[in-house]
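Given next are the chains, with one letter for each unit.
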2 protein chains.
Amino acid sequence: MLSTFSRLGSRSLRSNGSARLLTSLAEPSGPQLITSTVPGPKSTALKNELQNIQNADAVQLFVDYEKSIGNYLVDADGNTFLDVYTQISSLPLGYNHPVLIAAVKDPKNVATFVNRPALGILPPENHVHRLRSALLSIAPDGLSEVQTMACGSCSNENAFKAVFISYMARKRGGKPPTQEELISSKYNKAPGAPKLSILSFDGSFHGRTFGCLSTTHSKPVHKLDIPAFDWPIAHYPKYKYPLEQYAKENAAEDAKSLAHVEELIGQWEKKGCPVAGLIIEPIQGEGGDNRASDEYYRKLRDLSTKKGVSFICDEVQTGCGPTGKFWAHEYWGLRNPPDIVCFSKKMLSGGYFHKHEFRPKEAYRIFNTWVGDPTKLLLLDEVIKIIKQESLLENIRKTGDFMIQNMADLSKKYPVLHNVRGRGTFGAADMPTPEARDKLVKELHLKGVHCGGSGNQSLRLRTALIFEQKHAELFLDRLEQALKKF
Amino acid sequence: MLSTFSRLGSRSLRSNGSARLLTSLAEPSGPQLITSTVPGPKSTALKNELQNIQNADAVQLFVDYEKSIGNYLVDADGNTFLDVYTQISSLPLGYNHPVLIAAVKDPKNVATFVNRPALGILPPENHVHRLRSALLSIAPDGLSEVQTMACGSCSNENAFKAVFISYMARKRGGKPPTQEELISSKYNKAPGAPKLSILSFDGSFHGRTFGCLSTTHSKPVHKLDIPAFDWPIAHYPKYKYPLEQYAKENAAEDAKSLAHVEELIGQWEKKGCPVAGLIIEPIQGEGGDNRASDEYYRKLRDLSTKKGVSFICDEVQTGCGPTGKFWAHEYWGLRNPPDIVCFSKKMLSGGYFHKHEFRPKEAYRIFNTWVGDPTKLLLLDEVIKIIKQESLLENIRKTGDFMIQNMADLSKKYPVLHNVRGRGTFGAADMPTPEARDKLVKELHLKGVHCGGSGNQSLRLRTALIFEQKHAELFLDRLEQALKKF
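Predicted model only: the values in this text are computed from it and were never measured. (Residues numbered from 1 in each chain as written. Chains lettered and ligands numbered in written order. Predicted model: local features only at pLDDT ≥ 70, side-chain atom pairs only at ≥ 80, totals over all residues. Heavy atoms only, no water.)

Take the overall build of chain A next. Broken down by element type, chain A carries 16 helices and 16 strands. What you see for chain A is a C-alpha radius of gyration of 23 Å, in line with the 23 Å of a compact globule of 486 residues. On the principal axes, the C-alpha backbone points of chain A span a range of 75 × 60 × 45 Å. Split into buried and exposed, the 486 residues of chain A put 66% on the buried side. Considering only residue pairs separated by 6 or more positions, chain A has 73% of its internal contacts joining residues 24 or more positions apart. Per element, the accessible surface of chain A, about 16800 Å² overall, is 53% carbon and sulfur. Looking at chain A, you have 62 positive and 52 negative side-chain charges, and the mean spots of the two groups are 2 Å apart. (Helix = DSSP H or I, 4+ residues; strand = E, 2+ residues; numbered from the N terminus. Rg over C-alpha atoms; globule rule 2.2 N^0.38 Å. Buried < 20%, exposed > 50% of the residue type's maximum accessible area, 1.4 Å probe, protein only. Contact = heavy atoms within 4.5 Å. Areas by Shrake-Rupley, 256 points an atom, 1.4 Å probe, with all protein chains shown as cover. Lys, Arg positive; Asp, Glu negative; His and termini not counted. Charge placed at Lys NZ, Arg CZ, Asp CG, Glu CD.)

If you want it as structure tokens, here you go:
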């Protein structure tokens, strides 16, 4: 099962650049399955054991993280997969990157791993340096401040809080809160716990805690049985592909969405629950890799500025390079930057960048015991250096263009795969039904490619930033083999 | 500034046991301040720099985590403090415990620190073993399953979700959800997003994300300007001290609270938003170290069982030993265990133990990208071994009895300090006003003791589990010196 790519012949693939020399990793030459079934007997036995402790139905494989390397995941049975899903898009440099191994082994870092601080009250000496080096050095234009958090959900939840706090501070015009506000807030009552809302979009995913979940609308499995805030949900543009062919229809979709947003802002104001902020993904990464045009986002940002509605850009999945820019919203060419940009996953640490006005004036309002984890910032610091030194964003743009264009070509040959789309290697394509998509994911798995699904019937590609043309070629070969089964 | 404890004379202190021999740590003989002000110039300069990046008003000191050791925290200026607050109660073994250092340095653990998995789909080979060793080995009686999470707030949020999912499953009596439920859930509407509530108690703290925050009622600073669910809030018993003297009044407080809980369950049922679960702390650890009797908790548990209301015990602050038992609710002597027990802080990993019926039948309902962090489980595994090997629970019971009894004696001599209370070293005492409490915390700081506040006017003690009588003696000496200033 070693690489059979030679069969396909690399000249038949469109290439738009020479391979870059990234850090040399001892990667295998291709995927290799050694068990007759996947998952193999060891993964299956461990999964059965785990079922005694918790619901383990989502478990795909047990993994040998010592043996996994670069773009290759090795499972407990010794099977080697080319990984184009990378832990739900959360591994920036693949497995066991030597620079990260060196950071963990460095004796001067041991104290960081051993002593987790309450970062909000007792930060380590090097914390300011670390925030500058690991976070501010890649801050989105116009956002000069940053708040760390532990995960993506906590980042979005606290971004909402920052928006509400800022909204009420503006409303008070510099006056302190009243006694009535202070007391009523403790008991979940207005005016202290005000009726305010966050506008979100149909198809979005922003996390699974109660605030985030009230803005998540991708699948019932996330939402069923959980009480939610009654907050406004706007239509998100639904494009037809190929985009060139449906420019008029898609522009109408943009206009429909923008009109709906404006209408909802007015409606919610009238019903006494004003929209303080909106949250949106640059690409709906769980809801089906749904995309809207850069122009749509520029107009949405202008509308939110005009209406005084804070703009939260959720870059938990798109941030840290997979689209070929560090932040996907850089493609939009905004006149006025987002107010808040949330991150997690490939950033290793959760958190959000924000404009100064979203900094609460008082201590302890955006706070918790840990407010993040210095061990993740330590590793992120190394990741950022490698991204810069090895021009990984350029690598992702080139590799992504190569992969998506060749997928589009495959789609012509195998039309069961359609709506091929992507930015960088953040890519997707549709299958006709959820069942066909699931079958494709499984076929790819059996051919040594680990990928995922998005939305109801999309294939989801989320590679590491060290994913090169040679990996894309392997993937395309396996994809074609799998498509032959349909 | 080295230990002046000899001045006090150890015979004047009540001691109830000989000092135990724990792992030998190269601790200093006592606190030592070397700068004329606290915070010193380095901490102050770093804090000013941090203010350019975020609100840094809560920062107390910048810390040298390499030099900190055992019960002693060393700041950036070289000042050494006896730490009785331990990162908001989140360090089980103090600073730089040799067993944790060895775990981080162990080459076989490097891959765990380098490769963070999406634990819900691709757990490491050793995950089942780790869950058994680090978590199930200390599971509360009657709770056989465990779900990991990243932090305390996420643990409580997901415990609420597990309660709601279980409630609706019971209500459906085995039938699948209807199409209407599935579709309406996506848009935050009933019946899919049902009107259900979690009952909480006045004075409680359960975290700061939107679900948790709706059950938090300790201070306006946590709550102001943040929309909340309209969920029922019950009276929590307010005791008079000393307990022996006010047995009758305090029993009346118990009865009042229980009656209120029962009344609210009925009211919320009637208004169409039934109480699916309740959440309560064994000691209200942020709201003022407020305590209720073991009998109260037994009766509350019986009431919740009778009413079909799930019982969530929030042991985020009390769990992992500080009260002298692994779980504070073990003191209650329950007939029917809690349905869910949440943890974080000293457990290093967040999560919750639960009865089998709180396991969702379907995959992906309690889920997120990381669902916890194996690096924290790895360290917790070592912590649990040390707690057992070195009888640290016994150490905490003995040290706690010694410390609390001597504080009570000090309180007689300096009545400005009153309502001394504690279980293990999880201790507190009141001052007459918030200002007096803040002054006491500051005076202790200037005498080399790092402690914290709880509620409006309580001193909060949260030592590591390696806090021994000699440390308690030092603390008591400094406390007496500080009390002389009042």
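There's more to say after this.
The next point concerns unusual backbone geometry. Omega for the bond connecting V38 of chain A with P39 of chain A falls within 30 degrees of zero, at 0°, which places this linkage in the cis form. Note that P39 of chain A resides in the loop between α1 (5-8) and α2 (41-50). In this structure, P191 of chain B follows A190 of chain B across a cis peptide bond, with omega equal to 5°. For P191 of chain B, the location among the structural elements is in the loop between α8 (179-186) and β4 (197-201). Its identity as a non-glycine residue notwithstanding, T86 of chain B has a phi of 45°, on the positive side. Despite not being glycine, C320 of chain B has its phi angle at roughly 70°, a positive value. Tracing the backbone shows C320 of chain B in the loop between β9 (310-314) and β10 (340-343).

Time to look at the interface of chain B and chain A. With 121 residues of chain B at the contact, the number on the chain A side is 121 residues. Taking both partners together, chain B and chain A bury about 11000 Å²; carbon and sulfur atoms supply 60% of that area. Between K376 of chain A and D373 of chain B there is a salt bridge, with the nearest N and O atoms lying 2.7 Å from each other. At the surface where chain B touches chain A, the tally comes to 65 residue pairs in polar contact (both at pLDDT 80 or more). Among the elements that take part in the side of chain B that touches chain A, helix α7 (residues 152-172) of chain B stands out by supplying 8 residues, more than any other. In terms of residue class, the side of chain B that touches chain A is made up of 63 nonpolar, 29 polar and 29 charged. (Buried area = accessible area lost by both parts, 1.4 Å probe. Salt bridge = Lys/Arg side-chain N within 4 Å of Asp/Glu carboxyl O. Polar contact = N/O pair within 3.5 Å; in protein donor to acceptor, adjacent residues only side chain to side chain. Nonpolar A, V, L, I, M, F, W, Y, C, P; charged D, E, K, R; others polar.)

This part takes up the sheet that holds strand β1 (residues 72-74) of chain A. Residues and elements named next belong to chain A. Taken in spatial order, the 3 strands line up as β1-β2-β14 in an open sheet, and their pairing is mixed. Of all the strands in the sheet, just β1 and β14 (449-450) have a single pairing partner and so form its edges. Helix α16 (residues 469-483) contacts β1, β2 (80-83) and β14 of the sheet and is inclined by roughly 105° relative to β2. (Pairing = 2+ DSSP bridges. Axes fitted to C-alpha atoms, helices over the stretch in contact; angles between N-to-C directions.)

Okay, the nonpolar core next. Counting 140 residues, the largest nonpolar core has F201 of chain A together with F201 of chain B as the members making the most contacts within it. Counting residues in hydrophobic clusters, the runner-up holds 59 residues, among them L119 of chain A together with C154, F160 and F229 of chain B. (Core = buried A, V, L, I, M, F, W, Y, C linked by side-chain atoms within 4.5 Å.)

What follows deals with the side chain of Q284 of chain A. All names here are of chain A. Looking at the secondary structure, you find Q284 in strand β7 (residues 283-284). Polar side-chain contacts of Q284 include one of 3.0 Å to the backbone oxygen of D202. Of the polar contacts made by the side chain of Q284, one reaches the side chain of N290; its length is 2.8 Å.

This brings us to helix α8 (residues 179-186) of chain A. Along α8 of chain A, the residues that are buried comprise E181, S184, S185 and K186 of chain A. A positive phi of about 65° marks N188 of chain A, the residue just after α8 of chain A.

Here the focus is the pairing of strand β12 (residues 418-423) of chain B. In this sheet, strand β13 (residues 426-430) of chain B lies alongside β12 of chain B in antiparallel orientation, the contact comprising 4 bridges. Looking at β13 of chain B, one finds that G422 of chain B is bridged to G427 of chain B.

Right, let's talk about the domain arrangement of chain A for a bit. Residue and element names in this part refer to chain A. For chain A, the domain assignment lists domain 1 (41-96 + 391-463 + 477-484) and domain 2 (109-389). Here domain 1 meets domain 2 over a buried area of about 2400 Å², counting both sides, of which 54% is carbon and sulfur. By the criterion of area lost to domain 2, the three top residues of domain 1 are L393, R423 and F426, representing 30% of everything that side buries. Here domain 1 and domain 2 share 3 salt bridges between them. Close ionic contact of R460 with E286 constitutes a salt bridge, the shortest N to O distance being 3.0 Å. Counting across the domain 1 and domain 2 interface gives 23 residue pairs in polar contact (both at pLDDT 80 or more). Here the side of domain 1 that touches domain 2 is built from residues that sort into 9 nonpolar, 12 polar and 5 charged. (Domains from an automatic or database assignment.)

Turning to the relation of the copies chain B and chain A, a few remarks are in order. Its rotation angle being 180°, the transformation that places chain B on chain A also includes 0.0 Å of axial translation and leaves an RMSD of 0.0 Å. The superposition operator between the copies reduces to a two-fold rotation axis. Identified as the residue of chain B closest to the rotation axis by C-alpha distance is F210 of chain B, at 2.8 Å. Comparing interface residues between copies, 100% of those in chain B also sit at the interface in chain A, which points to an isologous, same-surface contact. (Least-squares fit on C-alpha atoms with pLDDT ≥ 70 in both.)

Here the focus is the pattern of salt bridges. Considering all chains together, one arrives at 62 salt bridges over all chains under this definition. The salt bridge partner of E443 of chain A is K447 of chain A, with a shortest N-O separation of 3.5 Å. Shared partners join several salt bridges into a network, and the residues in it are R172, E181, E362 and R365 of chain A together with D225 of chain B.

Another point: helix α11 (residues 247-270) of chain A. Residues and elements named next belong to chain A. An ideal rise of 1.5 Å per residue puts 34 Å on 24 residues; α11 measures up with 35 Å between its terminal C-alpha atoms. Along α11, the residues that are buried comprise N250, E253, D254, S257, L258, V261, L264, I265 and W268. Where α11 is buried, its residues touch β4 (197-201), β5 (233-234), β6 (275-280) and α12 (294-307). Just downstream of α11 lies G272, where phi reads positive at about 80°. (Expected span 1.5 Å × (residues − 1).)

A word on the environment of Y352 of chain B. All names here are of chain B. Note on placement: Y352 falls in strand β11 (residues 350-354). Residue Y352 is classed as buried on the basis of its relative accessible area, which comes to 1%. Beyond its immediate stretch of four places on either side in the chain, Y352 contacts E145, V146, Q147, S155, N158, A159, A162, I340, V341, C342, F343 and I366.

At a closest axis distance of 9 Å, the pairing of α2 of chain A and helix α6 (residues 127-135) of chain B adopts a crossing angle of 25°. Considering the angle they form, α2 of chain A stands roughly parallel to α6 of chain B. Seen from α2 of chain A, the contacting residues are L46, E49 and L50 of chain A; seen from α6 of chain B, they are H127, V128, L131 and R132 of chain B. Looking at the contact of α2 of chain A with α6 of chain B, its residues break down into 4 nonpolar, 1 polar and 2 charged. (Parallel < 35°, antiparallel > 145°, perpendicular 65-115°, else oblique.)

On to the pairing of β11 of chain B. All names here are of chain B. Where burial is concerned, most of β11 is hidden: 5 out of the 5 residues are buried. The two faces of β11 match: G350, Y352 and H354 on one face and G351 and F353 on the other face are all buried. By the bridge criterion, 5 bridges tie strand β3 (residues 145-149) to β11 in an arrangement that is antiparallel. For E145, the partnering residue across the bridge sits in β11 and is H354.

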